Amino acid sequence: MNELTRRTVLLGTAGLATAGLAGCVGDTGDDGDDGSGETGGIDDSSITHLGSDCAGPEPDTVAVVAEGSTYTVEGTLPASTPCYEAELVETSFEAGTLSLTVDVVEDGSETCIECEGQVNYEATVDLSDGASIETVSVTHETGETHTVEQSAFVDGYPEIVSSSIETTQTGSRTDEQSDTADFDIGEEAVTIEGTILTSTPHYEAVLEETAIERRALQVTIGTESTLDEDEAGTQELGFLDYEATIEIENIDSLERAQIQHPETTHGFEWDENSASASTGGSSETGTSTAEGNTSAPERSQ
């Protein structure tokens, strides 16, 4: 079980970008200090480039995570192509307002895909003890300025408390069966009910990994043979049904989930204005909709 420390999340514009990081820029880290602005109250600042891709529907977003005297800005800003990385130009702190300016710089790629790009980054600012933040202002040189007031704090960051899985049924496969996953959100836990196709009926489900990264739940479910090494079983195609339960503290801060089976991946993402979670499975499973009983965190412009 992977756990994160409790953090408070302060959200900016209409949501975090969920585009992949599969553009021509690889993941790199860039520690840097602030620029020429006033730095009173700031002990340290740095930025990490998280990758880039062709622009999605929301290429200009900000989320601010507050943890003690450390403030982390998770952002996406537009670029002319994906072959750029983020640069922290300036940070300053004055009269309760923490201000950051972020720009993009070319990453040195010799060739680049021709599309409008978006650049994902994480900027961290450590403040002196006793410094009080009322407002965080983030200026994207290629986009907009995002201002977030203290009143917009979301209560806590999602943390995995416990996880378990149970194989509920196994048997010989029929032609109608397929690899599926259903996702439901409760007040304190998520429940995943799924079917995995197996080479024989003699398998059980195992929970290989659970993690939360940037408010995204990642669950990997595998299979394990129930036969001893010298035991022979039925040699026909099989299936198994399972139910996994993951208890999560601050579950309302969770925004999306990815369920990995041995052969397929099932993705779920919340509509910020409703309690539904849409899911896009692999090319084999198509697209469906799963209903939850919680909505994504409210965001402010």
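Going by the structure above, here's the rest.
Reference entry: report on the structure contained in this document. Note that the structure is a prediction, hence the values are computed from the model and not measured.

Basis of the calculations
- Residues numbered from 1 in each chain as written.
- Predicted model: local features only at pLDDT ≥ 70, side-chain atom pairs only at ≥ 80, totals over all residues.
- Heavy atoms only, no water.
- Helix = DSSP H or I, 4+ residues; strand = E, 2+ residues; numbered from the N terminus.
- Buried < 20%, exposed > 50% of the residue type's maximum accessible area, 1.4 Å probe, protein only.
- Contact = heavy atoms within 4.5 Å.
- Areas by Shrake-Rupley, 256 points an atom, 1.4 Å probe, with all protein chains shown as cover.
- Pairing = 2+ DSSP bridges.
- Axes fitted to C-alpha atoms, helices over the stretch in contact; angles between N-to-C directions.

What the protein chain contains, in helices and strands, is zero helices and 21 strands. The buried share of the protein chain, taken over its 301 residues, is 44%. Restricting the contact set of the protein chain to residue pairs at least 6 apart, pairs at least 24 apart contribute 73%. Surface exposure of the protein chain reaches about 14,500 Å², of which carbon and sulfur atoms provide 39%.

Turning our eyes to something else, we now look at the sheet that holds strand β10 (residues 145-149). Judged by pairing direction, the sheet is mixed, and its four strands sit side by side in the order β6-β7-β9-β10 without closing on themselves. Unpaired on one side and paired on the other, β6 (84-94) and β10 mark the two borders of the sheet. Sheet twist, expressed as the average angle between the axes of neighbouring strands with direction ignored, equals 15 degrees. When strand β7 (residues 97-106) meets strand β9 (residues 135-140), the two strands line up parallel, connected through six bridges. Each residue of the ladder has a partner; that of T101, found in β9, is T139.

So, on to the sheet that holds strand β13 (residues 180-185). An order of β12-β17-β14-β13 is seen for the four strands of this open sheet, with the pairing classed as antiparallel. The open sheet has two edge strands, β12 (159-172) and β13, and neither has a second partner. For this sheet the average axis-to-axis angle between neighbouring strands, irrespective of direction, equals 15 degrees. With twelve bridges connecting them, β12 and strand β17 (residues 238-249) associate as antiparallel partners. Within the sheet, the bridge partner assigned to I160 lies in β17 and is I248.

Another point: the side chain of T72. Tracing the chain through its elements places T72 in strand β5 (residues 70-79). Residues within four places of T72 in sequence aside, it is in contact with A63, V64, V65, E122, A123 and T124.

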